[in-house]
Amino acid sequence: MQKHLTKSRDKILTGVFGGIAEYFGWDKAWTRIGGTILICCTGFGLIAYIAAAIVMPDKPKHSDTPEGDFHKL
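Participant: Looking at this structure, I do not really get the pattern of salt bridges. What am I missing?
Facilitator: For side chains of opposite charge, pairing can occur when their charged atoms come near one another. Summed over the entire model, instances satisfying the criterion amount to 4 salt bridges. Of the charged contacts in the structure, one is a salt bridge between lysine 7 and aspartate 58, with a shortest N-O distance of 4.0 Å. Here aspartate 58 lies in the segment after helix 3 (43-55) and lysine 7 lies in the segment before helix 1 (16-24), a separation of 51 residues in the sequence. By relative accessible area, which is 12% here, lysine 7 ends up buried. Between lysine 59 and glutamate 22 there is a salt bridge, with its nearest N and O atoms 2.8 Å apart. Of this pair, lysine 59 sits in the segment after helix 3 while glutamate 22 sits in helix 1, placing them 37 residues apart in sequence.

Below, the structure written as structure tokens:
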């Protein structure tokens, strides 16, 4: 099965950082922290985030992956 970069349904603002973390298998909290630092420290980070929020598709509702991390301990 092929992976697709989509916005996460487990989102804080738009789901961009959550989607990136899910795609690469990274921890969502650290991805969000790193992304926030990138946005705060560089103008490019804000532009890239806005572009990703516009371009990245939402995760399909019929996706076979569980929503959120509530099932993990």
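Participant: When you look at the packing of helix 2 (residues 28-41) against helix 3 in this model, what are you seeing that I'm missing?
Facilitator: Each pair of packed helices can be described by the angle between their axes along with the distance between the axes. Two elements in contact, helix 2 and helix 3, have axes separated by 4 Å at closest approach and are oriented at 120 degrees. Here helix 2 lies oblique to helix 3, going by the angle between them. Here the hand of the crossing between helix 2 and helix 3 comes out left-handed. Residues Leu38, Ile39 and Cys41 of helix 2 touch helix 3, and the partners they reach there are Gly43, Gly45, Leu46 and Tyr49. In terms of residue class, the contact of helix 2 with helix 3 is built from 5 nonpolar, 2 polar and no charged.

Participant: What am I meant to see in helix 1 here?
Facilitator: An α-helical turn contains 3.6 residues, so any two residues separated by three or four positions project in the same direction. By the burial criterion, the buried members of helix 1 are Val16, Phe17, Gly18, Gly19 and Ala21. Its buried side turned inward, helix 1 meets helix 2 and helix 3.

Participant: What's the story with the environment of phenylalanine 17 in this structure? I'm lost.
Facilitator: Note on placement: phenylalanine 17 falls in helix 1. Measuring from C-alpha to C-alpha, the distance between phenylalanine 17 and tryptophan 30 comes to 9.5 Å, with 13 residues separating the pair along the chain. Sequence-distant contacts of phenylalanine 17, defined by excluding residues within four places in its chain, comprise Thr31, Arg32, Gly35, Thr36, Ile39 and Tyr49.

Here is what the cut-offs are and how they apply
Residues numbered from 1 in each chain as written. Predicted model: local features only at pLDDT ≥ 70, side-chain atom pairs only at ≥ 80, totals over all residues. Heavy atoms only, no water. Salt bridge = Lys/Arg side-chain N within 4 Å of Asp/Glu carboxyl O. Helix = DSSP H or I, 4+ residues; strand = E, 2+ residues; numbered from the N terminus. Buried < 20%, exposed > 50% of the residue type's maximum accessible area, 1.4 Å probe, protein only. Axes fitted to C-alpha atoms, helices over the stretch in contact; angles between N-to-C directions. Parallel < 35°, antiparallel > 145°, perpendicular 65-115°, else oblique. Left-handed = near helix turned anticlockwise from the far one by under 90°. Contact = heavy atoms within 4.5 Å. Nonpolar A, V, L, I, M, F, W, Y, C, P; charged D, E, K, R; others polar.

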